[in-house]
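Chain by chain, the residues:
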Amino acid sequence: MKTRVKWQERWVEVKREKSLLHGLLEIGVEPPFRCEFGHCGSCRMRLTAGSVVHDDVAGLTEADRKANIILLCSCRPLSTSIELEPME
């Protein structure tokens, strides 16, 4: 199954079995990242629509989670459509 992801004003499709980071990289989209394990926080994004499941949240605070901040490297899409907003 695939999920539509709104990335920088365009829609792309990623496989649901993969992390959002690896799904995006697989189709040629290059979001910011470093460690790929959820610890450095460089792949933080705000989830503005849709839902994900996190495998690891070590790089997120409780305040981050309440603010819908996700780590692309350690979450997988649950919904059929997701919208992301970069962190500034």
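Before any of the text, the structure's been laid out above.
An account of the accompanying structure is given in this report. (Residues numbered from 1 in each chain as written. Predicted model: local features only at pLDDT ≥ 70, side-chain atom pairs only at ≥ 80, totals over all residues. Heavy atoms only, no water.)

**Overview of the overall build of the protein chain**
For the record, the criterion: Helix and strand assignments follow DSSP, with helices taken as H or I runs no shorter than four residues and strands as E runs no shorter than two, numbered in order from the N terminus. When we talk radius of gyration, it's over C-alpha atoms, and the globule rule is simply 2.2 Å times the number of residues to the 0.38. Each residue is placed in one exposure class: buried if its accessible area under a 1.4 Å probe, protein chains only, is under 20% of its type's maximum, exposed if it is over 50%, and partly exposed if it falls in between.
Helix and strand counts for the protein chain come out as two helices and seven strands. In terms of overall dimensions, the protein chain is globule-like: its C-alpha atoms have a radius of gyration of 11 Å, near the 12 Å expected for 88 residues. Taken along its principal axes, the extent of the C-alpha atoms in the protein chain is 30 × 25 × 25 Å. Counting over 88 residues, the protein chain shows a buried share of 36%.

**Remarks on the sheet that holds strand 1 (residues 2-7)**
Put simply, the rule reads: At least two DSSP bridges between two strands are required for those strands to pair. Each axis is a line fitted through C-alpha atoms, and for a helix only the stretch in contact is used; angles between axes span 0 to 180 degrees, taken between their N-to-C directions.
What the five strands build is an open sheet, ordered 2-1-7-3-5; its pairing is mixed. The open sheet is flanked by strand 2 (10-15) and strand 5 (69-71), the only strands paired with a single partner. This sheet shows a mean twist of 40° between the axes of neighbouring strands, independent of strand direction. Bridging between strand 3 (residues 44-49) and strand 7 (residues 81-86) involves four bridges; their strand directions are antiparallel.

**Digging into the pairing of strand 3**
With three bridges connecting them, strand 3 and strand 5 associate as antiparallel partners. Bridging across to strand 5, Arg46 finds its partner in Ile69.

**Here we look at the nonpolar core**
The test is simple: Residues grouped as a nonpolar core are buried Ala, Val, Leu, Ile, Met, Phe, Trp, Tyr and Cys residues, joined through side-chain atoms within 4.5 Å. Pairs of residues are marked as contacts when any of their non-hydrogen atoms sit within 4.5 Å.
In this structure, Trp7, Leu20, Leu24, Val52, Ile70, Leu72 and Leu84 are the most contacted members of the largest nonpolar core, which totals 21 residues. Mapped by element, the contributors of at least two residues to this core are strand 1, strand 2, helix 1 (20-26), strand 3, strand 5 and strand 7. Setting aside residues no more than four positions away along its own chain, Ile70 makes contact with Leu20, Cys43, Arg44, Met45, Leu47, Val52, His54, Leu60, Cys75 and Leu84.

**With respect to the pairing of strand 2**
Sheet topology places strand 1 next to strand 2; six bridges connect them, and they run antiparallel. When the sheet's bridge partners are listed, Arg4 is paired in strand 2 with Glu13. Hairpin connection from strand 1 to strand 2: two residues lie between these consecutive antiparallel strands, with Gln8 at a positive phi of about 50°.

Read these as geometric descriptors, not functional statements.
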